[in-house]
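Read off the chains here:
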Amino acid sequence: TIRSATRERFEELQGRLIRQIAEENRASLGDELQAQAQCTIDILVRNLFERTADIGFLATDEVLTAYATDTTSMSRETVEQRLAHYASFYSVYQAIQVFDAQLVRVASHPSTGAGDESLSISDRQFLNTVLQSDSAYTEHYGRVGFFDAHAPSLVYAKRLLADGQPVGVLCLQFRIADELPSIFGVLLDDGRDSSVVLALLD
């Protein structure tokens, strides 16, 4: 009948409209999630790139360079107060350590005491590689005994130069464990947006 044919056409049209609305909503949600994911990566990359500038700047500190060259030039306490000031200003760093050209730790924040007795073979190899490198910075993620022998650290390192000669190594331990929760917290409105899960995969 005409009535049933009309009803069928109406139901078909209604179905098409519902499918179109659902597809548009899904596409919109996909765009929104992709933007959130891209924003997460962009913030992380930007923040890590800023660390490369930090190590380059701090490695030019004449006080650190002078002390690595000659530890009798000033007190260790003076140098470690300077490191503490850096750590308070650059709060993204968990620890800072300074080694001389013989790879002896001469200053640190938090203070750990001088000496190279705790350095493993792999730690010495890492520091020696940095000491010999003219790269703008060295970025390393893994277990580094002089920071934390039990968990991986993200370390930014650079050699210290005096009159063009390597006199030591500066190492910064970045708070990577705090970084992603902080980024996720901002993007997920501190947990109030419970409809989205953010995860970083290798």
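In this report, the structure presented in the accompanying data block is examined. None of the values given here were measured: they were computed from a predicted structure. (Residues numbered from 1 in each chain as written. Predicted model: local features only at pLDDT ≥ 70, side-chain atom pairs only at ≥ 80, totals over all residues. Heavy atoms only, no water.)

**Overview of the packing of helix 2 (residues 62–69) against helix 3 (residues 76–89)**
Helix-helix packing is characterised by the crossing angle of the two axes and by the distance between the axes. One way to put it is that helix 2 packs onto helix 3 with a least axis distance of 11 Å and a crossing angle of 145°. Our pair here, helix 2 against helix 3, has a crossing hand that is left-handed. Contacts between helix 2 and helix 3 involve V63, L64 and Y67 from the former and R76, V79, R82, L83 and Y86 from the latter. Here the contact of helix 2 with helix 3 is built from residues that sort into six nonpolar, no polar and two charged. (Axes fitted to C-alpha atoms, helices over the stretch in contact; angles between N-to-C directions. Helix = DSSP H or I, 4+ residues; strand = E, 2+ residues; numbered from the N terminus. Left-handed = near helix turned anticlockwise from the far one by under 90°. Contact = heavy atoms within 4.5 Å. Nonpolar A, V, L, I, M, F, W, Y, C, P; charged D, E, K, R; others polar.)

**Describing the side chain of Q173**
Mapped onto the fold, Q173 is located in strand 5 (residues 165–174). For Q173, a relative accessible area of 5% corresponds to the buried category. Apart from the residues within four sequence positions on either side, Q173 is in contact with V92, Y93, Q94, A95, F147, D148, S153 and L154. (Buried < 20%, exposed > 50% of the residue type's maximum accessible area, 1.4 Å probe, protein only.)

**Notes on the sheet that holds strand 3 (residues 138–144)**
One open sheet accounts for five strands, arranged 2-1-5-4-3; its pairing is antiparallel. Both outer strands of the open sheet, strand 2 (105–109) and strand 3, are each paired with one neighbouring strand and no more. The mean inter-strand angle of the sheet, taken between neighbouring strand axes irrespective of direction, is 25°. In the sheet, strand 3 pairs with strand 4 (residues 148–162) via six bridges, with the strands oriented antiparallel. Directly across from E139, in strand 4, lies its bridge partner Y156. (Pairing = 2+ DSSP bridges.)

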